[in-house]
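Each chain, letter by letter, is given below.
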Amino acid sequence: MDRGHRLSRGAGWVGWILIAAVPLAFLAVFFAWPAAALILRGFHDGASWSLDGFTAVFSSSRTWKAVGFTLASATASTALCLALGVPGAYLLYRTNFRGRSALRALVTVPFVLPTVVVGVAFGALLREDGLLGWAGLGGTPTAIIAAMVFFNYSVVVRTVGTMWSRLDPRLAQAGATLGASALRVLRTVTVPTLTPAIVSAASLVFLFSSSSYGIVMVLGQNRYRTIETEIWFLTTQLLDLRGAAALSITQLVIVTAALWLSGRAQARMTRALRLQPDVADARRLDIRRDGFPLAVTAVVAVVLIGLPVGNLLWRSLHRDGALSVVNYVQLATTSTMGSDLWSATRTSLVTAAAATVLAVLLGVLVALIASRRPRGRSGRGALTALESVFLLPLGVSAVTVGFGYLITLNRPPLDLRSSIVLIPIAQAVVALPLVVRTLLPVLRAIDPRQLQASATLGAGPWRTLLRVELPHLGRGLGLATGFAFATSLGEFGATSFLARPDNPTLPVVIFRLFGRPGAETYGMALAASVLLAGLAAITMAAAERMRPQEVATW
Amino acid sequence: MKPLSTAVIAGALIALSACGTPAQEQTGNPGAPSESETLTVVTHDAFTLPDELKEKFAEESGYKVTYVAPGDSGTLVNQLVLTKDAPLGDVVYGIDNTFASRASDEGVLVDYESPALPGNAQQFAADQLTPIDFGDVCINADKAWFEERKLDVPTTLDDLTDPEYKDLLVLTNPASSSPGLAFLLATIGAKGEDGYLDYWKALQDNGAKIDSDWTEAYYTDFSGADGDGPRPLVLSYATSPAYTVDGESSTTEALLGTCFRQIEYAGILKGAANEIGARKFIDFMLSPEVQSAIPENLYMYPAVIDTELPEDWARFAPLASSPIEVPAEEIGANRDRWIQEWTEAIG
């Protein structure tokens, strides 16, 4: 290698490091610093350092129960999401049938529903006299895990499905031609090539599940606690920062371990794939051939997602026991709780759009950097670490970060606590990991030979980036944007900490309406929930259609 | 011409002085209360006043008013404690008597006695805080359910542990819901420190369900509300029956022998950049317009107790004549321990 080339490569790396600095700085200011500041308060009482929090927390059997339940429920939820979601990804992305788009939209709806809505929807089905009351699931771990799967199923379906729809079918066809059974092709060809996307989805589901506070609070009925609910309890109710800090660190350890494991699995299994730009291979649904994924997905769609969502819709169309649209009419025409529906919807959309722009811009940078293929071990290690750092926000308690904001971003030049700007920023921190995790498998799957060919033909790294990698990225971008938008649209944890009552988002309006007695407010809360769910479904459907021009012709 | 120019000059001077005196300088002078052009009001997350009233206050006071609502009463107080050295705003509304003593003990507030507070509100007095409204947290019953089964509606706490009423009650968790905490205090007030956990165990043995928040209990499990749940007894508010009115009567009633009185306060935050504005806001919250808007908007009784109530309230939402009481100092000293003990024993 000549000197000039080496220099330009060196310059390339400096460029990448500069690019990495932008998202890293964002994460440092809006996530790491606030979280660390709050955790440190737990160890320093203003005069001296103390580790009493650890002793107190870890000598309590409550803590160990919470840690155990967190791990068990998140693992079960992840396993179930994969078991149900992979057949779903096949059905919704590899086969063609009427109503496929509607089904794709339906499975994303839960992703944005505020927990208070899920509590009302699930609670009504599971209570003693409910439709599923006979199963006796109310207040059991099964109900909690079912709700976690309800929320996260679409993460697996979409992340894996997007990848699957783009696999070169010839590989599988070759296998079949050589006499392999369908199952064997699936096991030896398809599943291994999908592994990076599966691992990616699994780590997201695990992080989401292990940090789900609302579901456990609402469906656990006090009997079941997770690290997250313990942190919430100690921080917001008792202001026991020492105990909360000890638990936050425990949570951090678990999350880091989970990320390390998934990173290793991915590194081992990532292989270059021949991705094709089109979904040409989506075959017509064949009941005999596709019977298994069809059955699994039908059960999920009808029982797990359809019943609670349908129940919500059905009840929103009732007032005083009679079928009626009065809830929607009132929602659209009256001004309640200091805001009307239209301005709340506008606030939600504007906030979510701002958060999405932030998250996608930063996420593209992170994904591009993390998908570099450095030769050295240390370089690879640094990239794996970088990727994991951007997933941490999913696994760290929203309460820790929210309270952290209060004590860090409280002075000029960054006195943002009562600023409306902080809401999209906080939502972007939550959405960023999703964006990174949906884009990375796509970038990693680019055949290195394609990049080498580009380089051989004289294209510099930036040109290769522009002509080869960005068009590929475009494919995942629709999904990433959709996820980011949906996350921000339904986000309530960070928003509730920073809420400005005169500018509520839809989830805040729903929360307020549900907090009041009376048939009118209850009906309007249900109608607003349906509206939010509808917005999410439309967004995801639109995001999937959103394909950059150059890709269509590429 | 002259009056106008005087007004312009005066206005400019006021604007200048407001801009030119940063908050730090003002706090350096302990004698004079601070003032600035903006006022930040920190409230609990259930705060809603009609826009007209908010606008009226902004107009009359001349401040640019911002409202921030970071959580429920407990979360709110904890956030104020945490941000003592750089307060979240100037004035707070929504601290209730279950958390009031933490706010005053932690030195989050400064003293203020509003001239707008009438003598008849003195019964609610608390350290450094001004009462704005109050309400009773009580068990509610679905009257029709009991009529159908020819069963008497229970009236006392002890009735709730009677096997006749097995599996009929739904409560909320004191560790995660504010009515839940109020009811925990009611049981402590009635059964004493030594007896309350046994009472809760008896409730549990009698099939009481404990939800994490009021919404779920009232709308999912309670039979008398729109959710059509299976249980006819729920922990709610004395005012709830005013929202289940069907023609000439309400379908639900509050059991007035089971109530704990919640009082909501406003206070001035220590280190406020606009202490004068904070005082004006508290006075405004006690003004007749706001006080008469409180029932319909905040679902509480006005602290100025001769304020006229909505017609439905007078008929269907009577207050308890003798709510169960626990002195504020006792709550302050023991609240966290009680919640902890409760979660260990029951939760």
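- As annotated in an unreviewed UniProt entry, chain B carries the name Thiamine ABC transporter substrate-binding protein and comes from Tessaracoccus flavescens.

- An unreviewed UniProt entry lists chain A under the name Iron ABC transporter permease, from Tessaracoccus flavescens.
- In the Sequence similarities (unreviewed entry) part of its UniProt record, chain A is described as follows: "Belongs to the binding-protein-dependent transport system permease family."

Some thoughts on the packing of aromatic side chains
- In the structure shown here, the tally under the stated rule is 33 aromatic pairs over all chains.
- A centroid spacing of 5.0 Å and a plane angle of 75° characterise the contact between Phe122 of chain A and Phe150 of chain A, whose relative ring orientation is edge-to-face. In this pair, Phe122 of chain A sits in helix 5 (residues 115–126) while Phe150 of chain A sits in helix 6 (residues 141–164), placing the two residues 28 residues apart along the sequence.
- Counting every residue linked through ring pairs, the aromatic cluster contains Phe514 and Tyr522 of chain A together with Trp214, Tyr218, Tyr219, Phe222 and Tyr237 of chain B.
- Sitting over the face of the ring of Tyr93 of chain A, Arg104 of chain A holds its NZ or CZ atom 3.9 Å from the ring centroid.
- The ring of Trp145 of chain B carries Arg149 of chain B above its face, with NZ or CZ at 4.0 Å from the centroid.

Notes on a negative patch on the surface
All names here are of chain B.
- On the surface, a cluster of negative charge is made up of Asp105, Asp111, Glu113, Asp127, Glu329 and Glu330.
- With respect to the helices, strands and loops of the structure, Glu113 is situated in the loop between strand 4 (109–110) and strand 5 (130–142).
- Taking relative accessible area as the criterion, Glu113 reaches 73% and is therefore assigned exposed.

Focus: the interface of chain B and chain A
- On the side of chain A, 50 residues touch chain B, which itself brings 55 residues to the contact.
- With a closest N to O distance of 3.4 Å, Arg231 of chain B and Glu128 of chain A form a salt bridge.
- Summed over the shared surface of chain B and chain A, the result is 16 residue pairs in polar contact (both at pLDDT 80 or more).
- If you list the elements that add at least two residues to the side of chain B that touches chain A, you get helix 3 (51–61), strand 2 (64–71), helix 4 (73–82), strand 7 (209–211), helix 8 (214–221) and helix 12 (328–345) of chain B.
- The element best represented in the side of chain B that touches chain A is helix 8 of chain B, accounting for 7 residues.
- Grouping the amino acids of the side of chain B that touches chain A by side-chain chemistry returns 21 nonpolar, 19 polar and 15 charged.

Definitions and limits used
- Residues numbered from 1 in each chain as written.
- Chains lettered and ligands numbered in written order.
- Predicted model: local features only at pLDDT ≥ 70, side-chain atom pairs only at ≥ 80, totals over all residues.
- Heavy atoms only, no water.
- UniProt positions renumbered as here; feature names shortened; annotations may be inferred.
- Phe/Tyr/Trp six-rings, centres within 6.5 Å; stacked < 30°, edge-to-face > 60°.
- Helix = DSSP H or I, 4+ residues; strand = E, 2+ residues; numbered from the N terminus.
- Lys NZ or Arg CZ within 6 Å of the ring centre and 35° of its normal.
- Patch = residues over 30% accessible without salt bridge, like charges linked within 9 Å, V, L, I, M, F, W, Y side chains within 5 Å.
- Areas by Shrake-Rupley, 256 points an atom, 1.4 Å probe, with all protein chains shown as cover.
- Salt bridge = Lys/Arg side-chain N within 4 Å of Asp/Glu carboxyl O.
- Lys, Arg positive; Asp, Glu negative; His and termini not counted.
- Charge placed at Lys NZ, Arg CZ, Asp CG, Glu CD.
- Buried < 20%, exposed > 50% of the residue type's maximum accessible area, 1.4 Å probe, protein only.
- Contact = heavy atoms within 4.5 Å.
- Polar contact = N/O pair within 3.5 Å; in protein donor to acceptor, adjacent residues only side chain to side chain.
- Nonpolar A, V, L, I, M, F, W, Y, C, P; charged D, E, K, R; others polar.

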